[in-house]
Amino acid sequence: MTEGNSGVDQSKPSIARVYDCLLGGKDHYVVDRAVGETFKHDMPGSVAIAHANRQNLVRAVRELALAGIDQFIDMGSGLPTADNVHQVAQRQVPDARVVYIDSDPIVLAHGRALLEGHAHTRVLQADVRDPQAIREHPDTVELIDFDRPVAVVLSAILHHLNDDEDPRALVRYWQEQVPSGSYFFISHFRSGDNPQTAEAEAVLQSTFGRGRWRSDAEIRALFGDLEILEPGIVPSSLWRPDVASDPLHAGAAEAELTVWEQLIVGGLAWKA
Ligand SMILES: C[S@@+](CC[C@H](N)C(=O)[O-])C[C@H]1O[C@@H](n2cnc3c(N)ncnc32)[C@H](O)[C@@H]1O
């Protein structure tokens, strides 16, 4: 094992670093690049999926900030990239508070460097499967006021949890912690019911040793009784596309998307 002081293991691929590679970032190692190249070859849409997901997240956060939400908890936040939740939110609400959670030590290392001296944003190394530890962490307690609406971001993270880790219970935990008027953004890999995507799911599972893509009904069930807002749970590139910057997807139908573009869906829900 190659491990530096930061606890980053450079000998095994990490989800955060492979994702960074697909997004065109620079914070990954040879082992991640090798997996990234395999994905690009075996799953020709993986770069498009990563970008579609990321842009969906950015649009959702922007809309929430425009609606006055000024507290965000971003679970499985990933490595800092071109536009991060705090940057998108703080563009609209300069003192918006953001807590990033990721289990990968590299996210902590890079996140802390990016956020040095940033009073309203923190990055915690924690496991989303232990929500109570996140809820009770001093940084969460200091930054997030749970008496006011919060946005809980679960972008491309729940499909990295197995069924027996009960991702629905995780969403329910946070639903119980936040007041009405809070929002949940979830994006998730969708089982495509075709040999191409079944194979891609198998590649992902064997690479990272975990995770599950879910059917539309299973993804819907993750939201429980939260009220899902327009346009529902749809392929990420069709979730409120920017007419100006993405005229191709504005008004497009799902059937017009490639099989890969249909693979990641996003939805925004509200706690009434
Ligand atoms: C595909 S990336 C998504 C990044 C970002 N949320 C986005 O949508 O652009 C998934 C992230 O979840 C993190 N992750 C996976 N399992 C986790 C866990 N159990 N607890 C915390 N983070 C986890 C990975 O390290 C990775 O950074």
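Residues numbered from 1 in each chain as written. Predicted model: local features only at pLDDT ≥ 70, side-chain atom pairs only at ≥ 80, totals over all residues. Heavy atoms only, no water.

**Student:** Account for the overall build of the chain, naming residues and giving values.
**Tutor:** When helices and strands are tallied, the chain shows ten helices and eight strands. Principal axes of the C-alpha set define a box for the chain whose edges measure 50 × 45 × 40 Å. Looking at the chain as a whole, 53% of its 272 residues are labelled buried. Counted over contacts in the chain with a minimum sequence separation of 6, partners at least 24 positions apart contribute 70%. For the chain, the accessible area works out to roughly 12000 Å², and carbon and sulfur atoms hold 51% of it. Computed over 24 positive and 40 negative side-chain charges, the inter-centroid distance for the chain is 2 Å. (Helix = DSSP H or I, 4+ residues; strand = E, 2+ residues; numbered from the N terminus. Buried < 20%, exposed > 50% of the residue type's maximum accessible area, 1.4 Å probe, protein only. Contact = heavy atoms within 4.5 Å. Areas by Shrake-Rupley, 256 points an atom, 1.4 Å probe, with all protein chains shown as cover. Lys, Arg positive; Asp, Glu negative; His and termini not counted. Charge placed at Lys NZ, Arg CZ, Asp CG, Glu CD.)

**Student:** Describe helix α8 (residues 167-177), listing the residues and the values that go with them.
**Tutor:** Along an α-helix, residues three or four positions apart point the same way, because every turn accommodates 3.6 residues. Within α8, burial applies to Pro 167, Arg 168, Leu 170, Val 171, Tyr 173, Trp 174 and Gln 175. Structurally, α8 contributes buried residues whose contacts are with β1 (71-75), α6 (131-136), β4 (151-155), β5 (183-189) and α10 (216-222).

**Student:** Tell me about the site of the ligand, and name the residues and values.
**Tutor:** Near the ligand you find 19 residues, and of these Tyr 19, Arg 54, Gly 76, Asp 102 and Ser 155 are the closest. Contact distances for the ligand include 2.7 Å between a nitrogen atom and a backbone N or O atom of Gly 76. In this structure, Ser 155 approaches the ligand through a side-chain N or O atom, which is 2.5 Å from an oxygen atom. Compared with its free state, where it exposes 600 Å², the ligand has 95% of that area covered by protein. At the level of secondary structure, the elements contributing two or more residues to the shell around the ligand comprise α1 (15-22) and α3 (46-66). When the residues that make up the shell around the ligand are grouped by side-chain class, the tally is seven nonpolar, seven polar and five charged. (Near = heavy atom within 4 Å. Polar contact = N/O pair within 3.5 Å; in protein donor to acceptor, adjacent residues only side chain to side chain. Nonpolar A, V, L, I, M, F, W, Y, C, P; charged D, E, K, R; others polar.)

**Student:** Provide a residue-level description of the pattern of salt bridges, including the pertinent values.
**Tutor:** For the coordinates displayed, the defined rule picks out 18 salt bridges. Between Asp 216 and Arg 190 there is a salt bridge; the shortest N-O distance is 2.9 Å. Placement of the pair is Asp 216 in helix α10 and Arg 190 in the loop between β5 and α9 (195-208), with a sequence separation of 26 residues. Residue class for Asp 216 comes out partly exposed when judged on its relative accessible area of 44%. (Salt bridge = Lys/Arg side-chain N within 4 Å of Asp/Glu carboxyl O.)

**Student:** Any chance you could break down the nonpolar core for me, citing the residues and the numbers?
**Tutor:** Within the largest apolar cluster, 34 residues are counted, with the highest numbers of intra-cluster contacts made by Val 61, Leu 64, Phe 72, Val 85 and Leu 268. Taken together, the elements giving at least two residues each to this core come down to α3, α4 (85-92), β2 (97-102), α5 (105-115), β4 and β5. Considering each element in turn, this core owes the most residues, six residues, to α3. Those residues within four positions of Leu 64 in sequence are excluded, and the remaining contacts are Ile 69, Phe 72, Ala 151, Tyr 183 and Leu 268. Counting residues in each nonpolar core, the second largest holds 28 residues, with Val 99, Ile 134, Leu 161 and Val 178 among its members. (Core = buried A, V, L, I, M, F, W, Y, C linked by side-chain atoms within 4.5 Å.)

**Student:** So what about the packing of aromatic side chains? Which residues, and what values?
**Tutor:** Under the definition given, this model contains five aromatic pairs. Relative to Phe 208, the ring of Phe 39 lies with its centre 6.4 Å away and its plane at 80°, an arrangement referred to as edge-to-face. Taken together, the residues span a long stretch of sequence, with Phe 39 in helix α2 (residues 30-42) and Phe 208 in helix α9 at a distance of 169 residues. Each ring, one from Phe 185 and one from Trp 239, has its centre 6.4 Å from the other, and the planes form 75°; the classification is edge-to-face. Of this pair, Phe 185 sits in strand β5 while Trp 239 sits in the loop between β7 (234-235) and β8 (264-270), placing them 54 residues apart in sequence. By relative accessible area, which is 1% here, Phe 185 ends up buried. Assessed through its relative accessible area of 0%, Trp 239 is described here as buried. Grouped by ring-pair contacts, the aromatic residues Phe 146, Tyr 173 and Trp 174 constitute a single cluster. Over the ring of Phe 146 we find Arg 135, and its NZ or CZ is 3.7 Å from the ring centre. (Phe/Tyr/Trp six-rings, centres within 6.5 Å; stacked < 30°, edge-to-face > 60°. Lys NZ or Arg CZ within 6 Å of the ring centre and 35° of its normal.)

**Student:** Tell me what's going on with the pairing of β2, and back it up with residues and numbers.
**Tutor:** Most of β2 sits inside the fold, with five of its six residues counted as buried. As paired elements, β1 and β2 share five bridges and run parallel to each other. Counted as the bridge partner of Asp 74 is Tyr 100 from β2. Read from β1 through α4 to β2, the crossover connection turns out right-handed. Bridge count between β2 and strand β3 (residues 121-125): five bridges; the pairing is parallel. The partner of Val 98 across the bridge, within β3, is Thr 121. Between the parallel pair β2 and β3, the chain is carried across by α5, and the sense of this crossover is right-handed. (Pairing = 2+ DSSP bridges. Right-handed = clockwise from strand over helix to strand, strands pointing away.)

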